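# What the coordinates show
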Amino acid sequence: AVRHTSARAHCTSSRPDAMALVVAGSYERFVFGYRVDGLPSSSSSSSSARESGAAAAAVNHAFTLDAHLTQCKSVAARGGFIASGGADDLVRVYHHNPDGALADLGTLAGHEGTVQCMELHGPSSSTEPTRLVTGGQDGTIIVWSVNAWDALKTLKAHRGGVQNVSVHKSGAVALSSGADGCVAMWDMKRGRVAHKTKLKVKPELLSFTPSGTKYYACAQSRTTITSAETGAVCGVFDAPSRVMCATMAGSDALAVLGLEGGDVVGYDTRAPPTKHALRITKAHPTRVKGVVVPYDDHDAGVAMGGPAGGATSLVTASSEGVVRLWDLRVAGKGGGAASARDIDEPVAEAEGGGRFTCLAVMPCALPRAVADVLSAERDARASDPAERAARRGEEKQRKLEKARAKAAMRPARPPPVKAKRPSAAGETADG
């Protein structure tokens, strides 16, 4: 695979209007990218944003990648990197620059079954990810190094396949669940199971909460929040129908669930389990396949101020190929006592995608620390006369090689044929 440093060298300028990038996998093997513009901040209300002339909210198609031989089952995005896993047993990795340029970093082959889940992880939000963790139908979890793309560890995790994997923000531990109905806590430094328990109902979704002190598991229509330290159940929430996707971003207080019937509901985890913090009736006509919270700054994180004091925006996607952006501030806010209201219409949407299977999100901009390093490297190269001369020489050599290749492809011309002059005898005979 191509190293990341060479791929991102094509980064030239950022797009100030493109705030977040949503990545969606599809049944049709393609990976789609959408720019989300005009995200609200935590300090502005929906009405004040319109009066101040802020950029209008929009969701625009950015790219389509022919990533897999068959359906794409999982995607991850962080710090400029995009990864996707497919039913072809392969992992594809890319780098997305702020100017919209994409670099194909290669293909990772290690699983012997569908790559069903994945997560990119780094030491902090302001740096690049250092690890890619993937789980497959073959029952293994593979830890890959970012940049070198070597398989550092292969863990035998679950019989029947790994369905979910979530890395703690410290990177020291990770959670996984599988077709065997078990939830495993992994010691990532030693590469072995620290604790494993079998649940009565097989979890279909599993993830750490933003704080890392708890984790949530979804099985059918029930969502259970559990302490990661003690194993005590902190809350149980029963949705109106089967939970297809879920997210908790920025705060442990708000859990947002996408449902089989097309609805989206949110629960304040501090309030009674029967009380909705938000509700979007028929967010999509068919099942909701992905919910993510968009954000535009790696360091600042998610803009807060929505229902239950949680996120202000939400992006949803469904199997009919539509991506929608919702302003959650119209659903009521102010903590657990806020009354839930239906959200009627999205603020923006994009149509024409595939039958989506999974969703991920990251800011369009690179992490600030990474952007500062790249800027310093460009300034150093621009101020060095020897570097400028070397670049001019390289450019001249490339042009020369291109001209030679073009000349080599040109068909050779046959030598000219000289016309023969008629003989004197012939002239006499004709006369």
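Residues numbered from 1 in each chain as written. Predicted model: local features only at pLDDT ≥ 70, side-chain atom pairs only at ≥ 80, totals over all residues. Heavy atoms only, no water.

Right, let's get into the overall build of the chain. Counting secondary structure elements, the chain contains five helices and 28 strands. Within the span of the chain, comprising 431 residues, buried residues form 48% of the whole. Nonlocal contacts in the chain, meaning residues at least 24 apart in sequence, comprise 52% of its contacts between residues at least 6 apart. Within the structure as shown, the chain displays about 20600 Å² of accessible surface, and the carbon and sulfur contribution to it stands at 51%. (Helix = DSSP H or I, 4+ residues; strand = E, 2+ residues; numbered from the N terminus. Buried < 20%, exposed > 50% of the residue type's maximum accessible area, 1.4 Å probe, protein only. Contact = heavy atoms within 4.5 Å. Areas by Shrake-Rupley, 256 points an atom, 1.4 Å probe, with all protein chains shown as cover.)

Taken together, the four strands give an open sheet; going across it, the order is β4-β5-β6-β7, and neighbouring strands pair in antiparallel fashion. What marks the edges here is a single partner per strand, and that holds for β4 (72-78) and β7 (102-109). Taken over all neighbouring pairs, the strand axes of this sheet differ in orientation by 20° on average, direction set aside. Where strand β6 (residues 90-96) meets β7, seven bridges bridge the pair, whose relative direction is antiparallel. Following the sheet pairing, His95 is matched in β7 by Ala103. (Pairing = 2+ DSSP bridges. Axes fitted to C-alpha atoms, helices over the stretch in contact; angles between N-to-C directions.)

This part covers the layout of surface pockets. A volume near 450 Å³ is recorded for the second largest pocket. Lining of the second largest pocket is provided by 23 residues; of these, Val183, Leu199, Tyr215, Thr224 and Thr226 occupy positions nearest its centre. Contributions of two or more residues to the lining of the second largest pocket are made by β14 (182-187), β15 (192-198), β17 (214-219) and β18 (222-227). Of the residues assigned to the lining of the second largest pocket, the class counts are 13 nonpolar, seven polar and three charged. (1 Å grid on protein atoms, 1.4 Å probe; cavity = no way out; pocket = protein on both sides within 12 Å on 5 of 7 lines; lining within 4 Å. Points joined across faces, edges and corners; volume = space filled by probe spheres on them. Nonpolar A, V, L, I, M, F, W, Y, C, P; charged D, E, K, R; others polar.)

Time to look at empty space enclosed by the protein. For the structure on display, the rule yields two cavities of 30 Å³ or more. Taken as a whole, the second largest cavity spans an internal volume of roughly 40 Å³. Lining the second largest cavity are Thr247, Met248, Ala249, Leu254, Val256, Val293 and Ala311. For the lining of the second largest cavity, the class distribution of residues is six nonpolar, one polar and no charged.

This part covers the pattern of salt bridges. Pairing of side chains with opposite charge becomes possible as their charged atoms draw close. On inspection of all chains with the given rule, the structure shows twelve salt bridges. In this structure, Arg329 and Asp327 form a salt bridge, with 2.7 Å as the shortest nitrogen-oxygen distance. Both residues of the pair, Arg329 and Asp327, belong to the buried class. Here Glu395 ties to Arg398 by a salt bridge, and the two come within 2.4 Å at their closest N and O atoms. (Salt bridge = Lys/Arg side-chain N within 4 Å of Asp/Glu carboxyl O.)

Another aspect to go through is the pairing of strand β26 (residues 323-327). Counting buried positions over the five residues of β26 gives five, a clear majority of the element. Judged by which residues are buried, β26 turns out to be covered on both faces: Val323, Leu325 and Asp327 on one side and Arg324 and Trp326 on the other are all buried. Across five bridges, the pairing between strand β25 (residues 313-318) and β26 is antiparallel. Its bridge partner being in β26, Ser313 is matched across the sheet by Asp327. Counting the residues that bridge the hairpin from β25 to β26 gives four residues, and of these Gly321 lies at a positive phi of roughly 85°. Both β26 and strand β27 (residues 348-350) contribute to a ladder of three bridges, which runs antiparallel.

This part is about unusual backbone geometry. The phi angle at Asp89 is positive, at roughly 75°, despite the residue not being glycine. Within the element layout of this structure, Asp89 appears in the loop between β5 (81-86) and β6. Positioned with a positive phi, Gln220 is a non-glycine residue whose angle comes to about 60°.

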